[in-house]
Amino acid sequence: MHGGGPTPPATRRGFLKATALAAMSAAAGVTETPGNSPATAVAERPMADARFGVVDLHTHATLKPYLFGAKFWRAHGAPAGFFPLKMCVDLDALMDGGVKTFVCATYVVERQMFTDVWPLGLLASVSPTAAHLATAPMDALTREYLDFAEKMIEEARQRRGDIIEVAHSRADMRRINAAGKICMLHAVEGAHHLNGDIGMVDELFKRGVCCMVVPHLYPNKAGGCADIMGMDMRTRFAPGCFNAKFQDAAGLSDWGHQLVEKLLDVGIIIDPTHGTREYRKRVIEIARNHPKRRPVIMSHVCAPAASRAGHDPLPEDVREIADTGGVVGLMMFFRPELAGRDNAGVESALDAVDFLVQHGGEDVVAMGSDLDGFTTVPKDLRSPRGYRTLREAMLRKYTGDQVEKFLHGNAERVLREGWGK
Ligand SMILES: [Zn+2]
């Protein structure tokens, strides 16, 4: 443990359950309905056909274990829709979906959220754990979160055996994949985690972080962001929360420019998801002019652009990202007009693949589910298990070679070329 010191899990769990209920479920006007009953623990299962194994470039596998004490090693029944307390990315679901590698994003709540979402602020005034999250230095919380992620996988190994490992380098990743185990990689979402210190990039690189999303839900020292919360139906009715005054759609700052140069130099993949078009354009320009040729990615988006405040890629973004050798990762989402349809997720994903191929070619398509990042998931793609259905649907429309690229080949290329470790 570093910095602010350890946090008792029981307290954390209690606080955060209350938080989630207050700030999300209740405010958004949703109630939880029973999902599928959790499957019983399954021992050994053959991995899916390696040819179509999946690399998921963006998940929040640690978020609910970190916030609510959810157990990654246990099977959960993930319902469709928006159920912030339900876990989607667990060990069984990853195995069932044929996921061979998944990127797990470190995300410590931005400071602004404690003011912007008043129930959180209230909790921070009465709960020591909440106060810790609201006041401990962000770099200390980042280390704490990365430590937590390592422990989560260690616990899964103790409970379920030698079937999953964290890779801290590409050599680790090759070894873990070759042994048929599931590989987890670290990412960090939001430059606020650096607490204003670009020097921390070196430390994150040493710890095995392969990718950094620079903008996130609130403006940070690197620049502004797209206001996805203000635009979201779920948060629109949260009384007194998600106020526009906390948002700023500015582009990359000078400090952000330096950070992007540093990430490119060290070899942490740069990801401007959550930025505006102007922001992305600037990041791509910097990457294009950098002496080390590195791909730029958008790891988790809905496409074609779902008009989420400029968050999702336009045709020109796709083209420019493809030119850097990068990829665009597709979330498990559905287009609003398909809501309620049994195959809404797969249909939306196939349309999104068409869009990406049309504007960036078949080497730009990748997967980045964003599962467990408090997203609203479709019935047919509600957990990593959905990759099975998606793979079958893709194979009806695209060749085996193309599907191989979409599911893992393109993402693996980006990791080879962009991750310097
Ligand atoms: Zn995100």
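Calculation criteria
Residues numbered from 1 in each chain as written. Predicted model: local features only at pLDDT ≥ 70, side-chain atom pairs only at ≥ 80, totals over all residues. Helix = DSSP H or I, 4+ residues; strand = E, 2+ residues; numbered from the N terminus. Buried ≥ 20, exposed ≤ 12 C-beta atoms within 10 Å, placed from the backbone. Contact = placed C-beta atoms within 7 Å. Core = buried A, V, L, I, M, F, W, Y, C linked by C-beta atoms within 7 Å. Expected span 1.5 Å × (residues − 1). Arc of directions from axis to C-beta.

Draft legend 1. Just the overall build of the protein, in detail. When its secondary structure is counted, the protein shows 17 helices and nine strands. Counting over 421 residues, the protein shows a buried share of 52%. The long-range share in the protein, meaning contacts at least 24 apart out of those at least 6 apart in sequence, stands at 79%.

Draft legend 2. Layout of the nonpolar core. Ranked by size, the top nonpolar core spans 123 residues in total, and within it A187, C210, M212, I268, I270 and V328 carry the most contacts. Considering each element in turn, this core owes the most residues, seven residues, to helix 7 (residues 138–160). Beyond its immediate stretch of four places on either side in the chain, I270 contacts M212, V214, V260, L263, L264, V283, A287 and V296.

Draft legend 3. Representation of unusual backbone geometry. Of the consecutive residues A303 and P304, the connecting peptide bond is found in the cis state with omega at -5°. Examined against the element boundaries, P304 turns out to sit in the loop between strand 7 (298–301) and helix 14 (315–323). The backbone phi angle of H274 is positive, close to 85°, even though this residue is not glycine. Topologically, H274 is positioned in the loop between strand 6 (269–271) and helix 13 (277–289). In this structure H274 comes out as buried when scored by C-beta crowding, with 26 C-beta atoms within 10 Å. You will see that D372, though not glycine, has its phi angle at about 70°, which is positive. Counting through the fold element by element, D372 comes out in the loop between strand 9 (365–367) and helix 16 (386–397).

Draft legend 4. Representation of helix 13. Here helix 13 spans 18 Å end to end across 13 residues, near enough to the 18 Å set by a 1.5 Å rise per residue. The set of residues buried in helix 13 consists of Y279, R280, V283, I284, I286 and A287. Buried residues in helix 13, looked at end-on, bunch into an arc of 160°, giving them a common side. Residues of helix 13 that are buried in the fold lie against helix 12 (254–266), strand 6 and helix 14.

The quantities given are spatial measurements derived from coordinates; they are silent on function.
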